[in-house]
Amino acid sequence: MCGIIACAGVKDAARVLYGGLQDLEYRGYDSAGISVLSGGKIHTVKRAGRVGAIAQAAAGLGGSCGIGHTRWATHGRPSDANAHPHVCGRFSVVHNGIIENYAELKKELACMGCTFFSQTDSEVVPQLLERYYAEYNDLKQAVLSCVSRLKGAFALAILCEGEEGFVAVKYRNPIIVGTGGGAVYAASDMPALSGLAENVAVLKDGQIAFARGGKISFCDFEGAAASLTFSPLPAAAKSVRLGGFPHYMIKEINEIPAAVKNTAAAFEGEDVARTIARAAKKRGFTSVMMCGCGTAYHSALAAAYYGEELLGMPVRVETAGEFRYRKMAVGADTLFVAVSQSGETADTVEAARAAKQAGATVAAVTNVPYSALTGVADFVVPVRAGTEICVAATKSYCGQIAALAMFFAALKGAGEYRSVLSAVKGAEALCAQTISRTVAEDVARACASSSGVYFIGRGIDYPVALEGSLKLKEVSYVPGEGYPAGELKHGTIALIDSGTLAVAVITQCGLAEKTASAVEQICARGGRAAVVCAEGCAPAHLRERAEFLIEVPACKSCLSPLVSVIPLQLIAYRTAVILGRDPDKPRNLAKSVTVE
Ligand code: AGP
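Numbering of residues starts from 1 in each chain and follows the order in which that chain's sequence is written. In keeping with the predicted nature of the model, local features appear solely for residues at pLDDT of at least 70, side-chain atom pairs appear and are counted solely at 80 or more, and the whole-chain, interface and lining totals rest on all residues. Side-chain numbers come from the whole structure's heavy atoms, not from hydrogens or water.

S.K.: Teacher, can you tell me more about the overall build of the protein chain here?
M.R.: Each helix corresponds to a stretch of at least 4 residues labelled H or I by DSSP, and each strand to a stretch of at least 2 residues labelled E; elements are numbered beginning at the N terminus. In terms of helices and strands, the protein chain carries 19 helices and 25 strands. If you line up the protein chain on its principal axes, its C-alpha atoms span 80 × 55 × 45 Å. Whether two residues are in contact is decided by their heavy atoms: any pair within 4.5 Å suffices. Taking the contacts inside the protein chain whose residues are at least 6 apart along the sequence as the reference set, 71% of them involve residues at least 24 apart. On the protein chain, roughly 21600 Å² of surface is accessible, and the fraction owed to carbon and sulfur atoms is 50%. Looking at charge distribution, the protein chain has the averaged site of its 58 positive side-chain charges lying 2 Å from that of its 55 negative ones. Exposure was quantified through the Shrake-Rupley algorithm and a 1.4 Å probe, taking into account, for residues, occlusion by the shown protein chains and nothing else. Note on charges: Lys and Arg go in the positive column, Asp and Glu in the negative column, and His and the chain ends are not counted at all. A charge is said to be at NZ when it belongs to Lys, at CZ for Arg, at CG for Asp and at CD for Glu.

S.K.: Is there a simple way to think about helix 4 (residues 124-136) in this case?
M.R.: In an α-helix, one turn spans 3.6 residues; hence positions three or four apart end up facing the same way. Expected helix span is given by 1.5 Å per residue-to-residue step, counting one fewer step than there are residues. The first and last C-alpha atoms of helix 4 sit 18 Å apart over 13 residues, in line with the 18 Å expected at 1.5 Å per residue. Burial classes: relative accessible area under 20% of the type maximum marks a residue as buried, over 50% as exposed, and values in between as partly exposed (1.4 Å probe, protein chains only). All of the buried residues in helix 4 are Val124, Val125, Pro126, Gln127, Leu128, Leu129, Glu130, Tyr132 and Tyr133. In the core, the buried residues of helix 4 are packed alongside strand 5 (86-88), strand 6 (91-99), helix 3 (102-111), helix 5 (139-148), strand 7 (152-160) and strand 8 (163-171). One or two steps after helix 4, the chain reaches Asn137, where phi turns positive at roughly 55°.

S.K.: Help me understand the side chain of Gln569 in this model?
M.R.: Among the secondary structure elements, Gln569 is positioned in helix 19 (residues 560-578). Using a relative accessible area of 1% as the deciding quantity, one classes Gln569 as buried. At 3.4 Å, the side chain of Gln569 forms a polar contact with the backbone oxygen of Thr394. Those residues in contact with Gln569, other than ones at most four positions away along the chain, are Met249, Ile253, Ile256, Ala393, Thr394, Tyr397, Cys398 and Lys471. Side-chain atoms alone can form a polar contact between residues adjacent in sequence; in general such a contact is a pair of N or O atoms within 3.5 Å, and within protein one must be able to donate a hydrogen while the other accepts it.

S.K.: Just to check I follow, could you spell out the state of the cysteines for this structure?
M.R.: Simply put, disulfide is the name for a covalent bond between the sulfur atoms of two cysteines. Sulfur atoms of two cysteines make up a disulfide when they are within 2.5 Å. This model, assessed by the stated rule, comprises one disulfide. Paired through a disulfide, Cys509 and Cys537 show a sulfur-sulfur distance of 2.2 Å. Disulfide Cys509-Cys537: the torsion about the S-S bond is -120°, which places it as left-handed. Of the two residues, Cys509 is situated in the loop between strand 23 (500-506) and helix 17 (512-524) and Cys537 in the loop between strand 24 (528-534) and helix 18 (540-545); the sequence distance between them amounts to 28 residues. Left unpaired, Cys111 is separated from the closest cysteine sulfur, that of Cys114, by 9.8 Å. Look at Cys111 and you get exposed, because its relative accessible area is 69%. Here Cys447 stays free of any disulfide, with the sulfur of Cys523 as its closest cysteine sulfur at 15 Å.

S.K.: Would you explain the pattern of salt bridges in this entry?
M.R.: Once the charged atoms of two side chains with opposite charge are near each other, the side chains can pair. For salt bridges, the criterion is a side-chain nitrogen of Lys or Arg within 4 Å of an Asp or Glu carboxyl oxygen. Throughout the structure, instances matching the rule amount to 28 salt bridges. The partner of Arg131 in a salt bridge is Glu108, and the shortest N-O contact between them spans 3.2 Å. Note that Arg131 is positioned in helix 4 and Glu108 in helix 3, a separation of 23 residues in sequence. Of the residues examined, Arg131 reaches a relative accessible area of 24% and is grouped as partly exposed. In this structure, a network of salt bridges that share partners links the residues Lys170, Arg172, Asp205, Glu350 and Arg353.

S.K.: Looking at this structure, how should I read the sheet that holds strand 21 (residues 452-457)?
M.R.: Two pairing modes exist for strands in a sheet, parallel and antiparallel, and in both the strands are linked by backbone hydrogen bonds. If DSSP finds at least two bridges between two strands, the strands pair. Here we have five strands laid out as an open sheet, ordered 22-21-23-24-25, and parallel in their pairing. At either end of the open sheet lies a strand with only one pairing partner, and these are strand 22 (480-484) and strand 25 (548-552). Neighbour-to-neighbour, the strand axes of the sheet open up by a mean angle of 15°, direction not taken into account. Where strand 24 meets strand 25, five bridges bridge the pair, whose relative direction is parallel. Residue pairing in the sheet places Val532 in a bridge with Ile550 of strand 25. Along the sheet face, helix 15 (residues 441-448) touches strand 21, strand 23, strand 24 and strand 25 and points at about 130° away from the line of strand 25. Here, axes are lines fitted to C-alpha atoms. For helices the fit covers the stretch in contact, and angles between N-to-C directions go from 0 to 180 degrees.

S.K.: It is not clear to me how the site of the ligand should be interpreted in this structure. Could you clarify?
M.R.: Being near a molecule or strand, for a residue, comes down to having at least one heavy atom within 4 Å of it. The environment of the ligand is formed by 14 residues, the closest being Ser340, Gln341, Ser342, Thr345 and Glu474. The separation between an oxygen atom of the ligand and a polar side-chain atom of Ser342 is 2.6 Å. Here Glu474 contributes a side-chain N or O atom positioned 2.4 Å from an oxygen atom of the ligand. More than half of the atoms of the ligand fall within 2 Å of the grid points belonging to the second largest pocket. Contributions of two or more residues to the shell around the ligand are made by helix 9 (294-311) and helix 16 (461-476). Gly is placed with the polar residues, together with every amino acid not listed as nonpolar (Ala, Val, Leu, Ile, Met, Phe, Trp, Tyr, Cys and Pro) or charged (Asp, Glu, Lys and Arg). Residue composition of the shell around the ligand, by class: six nonpolar, six polar and two charged. For each domain, the first and last residues come from an automatic or database assignment. Two domains each donate at least three residues to the shell around the ligand, and these are domain 2 (247-435) and domain 3 (438-583). Site definitions follow a grid-based scheme: protein atoms alone, a 1 Å grid, a 1.4 Å probe that fits but cannot get out for cavities, and for pockets an open set with protein on both sides within 12 Å along at least five of seven lines, plus lining residues having an atom within 4 Å of a point. Cavity and pocket membership follows a simple rule, namely that a molecule belongs there if more than half of its atoms are within 2 Å of the grid points.

S.K.: Could you clarify how one ought to interpret the environment of Ala504 in this entry?
M.R.: Residue placement: Ala504 occurs in strand 23. Distance from Ala504 to Tyr483, taken between C-alpha atoms, is 9.7 Å for residues 21 residues apart in sequence. Excluding anything up to four places from it in sequence, Ala504 contacts Ile456, Thr515, Val519, Ala530, Val531 and Val532.

S.K.: Could you clarify how one ought to interpret the packing of aromatic side chains in this entry?
M.R.: Given two aromatic rings, one states the distance between the centres and the angle between the planes to describe the pair. Think of it this way: a Phe, Tyr or Trp ring, Trp meaning its six-membered ring, pairs with another when their centres are within 6.5 Å, and the plane angle makes it stacked under 30 degrees, edge-to-face over 60, tilted otherwise. Under the definition given, this model contains eight aromatic pairs. Ring centres 6.2 Å apart and planes at 10° place the aromatic pair Phe154 and Phe221 in the stacked group. Of this pair, Phe154 sits in strand 7 while Phe221 sits in the loop between strand 13 (215-220) and strand 14 (225-226), and the two are 67 residues apart along the sequence. For a ring to carry a charge above it, either NZ of a lysine or CZ of an arginine must fall within 6 Å of the ring centroid while also lying within 35 degrees of the normal to the ring plane. It is Arg50 that lies over the ring of Tyr29; its NZ or CZ is 5.3 Å from the centre. Over the ring of Tyr132 we find Arg131, and its NZ or CZ is 4.8 Å from the ring centre.

Put into structure tokens, the structure is as follows:
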């Protein structure tokens, strides 16, 4: 949700910032902007639209230090005026997060004669900085005074005329600082620093970095000196390019086998299993509570089917945003499992914090080992899907299903763990087979011309139906819903007519007839039907009735969601392409939702 970058001590700041913004564009693409310091003055370009919109104007800016921003709009529509950086007097500022008390600050500043040029919450920051700088004539004091007035979540990068360098501030939204080749950098995420920084450090909440003359120093919000440990930029945090694929979505679907393989590799050896088992034994918990948002919520839902059956104890699942504002029974006897690809989704991180405060043991299931969520958690359950750029999650979902299956198996004991680990290793080939054999084109054409697409499933196939529906909606904008197959007849069947398509997921042979009868009911009302089923699962009458049938290899039930989801991802992708949408950057969305 907004990407920020800063650099100091480089030859061409505008070029460095522009390159970094391209790597951060997945965080928001409503507008982009850059400020550089050159000849002692701040020069700014900013435009509504994607990062490419500033390419020409940024090219000639130069400068040796600067800041940049790519925006996902929260306050104020996407426009040139609302684009960051926001400038006031000698200050230019980029912000990721939400200043919750902006309205009262704006009122106070307006009464003092300040003029605002945007509808954003962020513009209060340069206004406050300018005011405090005029009062103290000292950059550090101005920054400390400013942050003491802010409530909410804020990662900031600040440029000040007359001060060669930049300031970076972190509170609840990420800032990673880096050094290399005599230059200093800061960014919202590590891939934006690849090729620039050699060593990196993650700022903690309440820390400020001052980059001056090729050096970087740190303090806390009280002004006391702080120290950070730098380590080499992880090889995995590399800048990712399309490499011959037309979109990241299809590239990342093709990377699912590697995501499953690498996630299994992270569980090889006894370390991860031992950590999980030890945490469980120490606390002797009696229930599991799982949370996530969007796709991560769906992978948690799917995993809970296996977890509850295996452990014989309640495994509840709630969306993170609901969990926080619901008084759920969570305490010292609860194992809380937070699932998040990015590890920085505000709702999920705050849910984990709340669970921890309530005394629960918190496990973070995440693809980003240095994320905010790992900082909150007692232990980490690794997902190794690799950097995911497309806003629509694909390979990370499959990595999560694999990691969660191994997580529950580790809680059960060594025998189950060995069996699931070997099944996960085998799933790599099943995924590869599914990707190469699935022909999604005809179903995608049907989706593209449908007034609504209803995804149905029973048991563990139901969360997969939810995920299929989410994927189609977010990348193609075709409306629809995911539904438990048995529930359709209790209301939603009223929407079925010749313009609608139902996609049924059937991987559990024992439930096949039940879901098949829902398909019969849909067809009887003139609806069209597509079926994604495990080999050998589809009853003969369903084969005749369904207009489209996609078979996937059968596998261990707890892993079936990571195979059966692939045709649904491919259908969503092809539908988006047929309709001329950009599947990588759907409208109104951003990959990391770091605001509540
Ligand atoms: C998935 O395709 C979405 N774009 C979205 O639902 C996402 O899964 C959700 O925002 C959670 O993100 P996280 O896994 O990074 O926490």
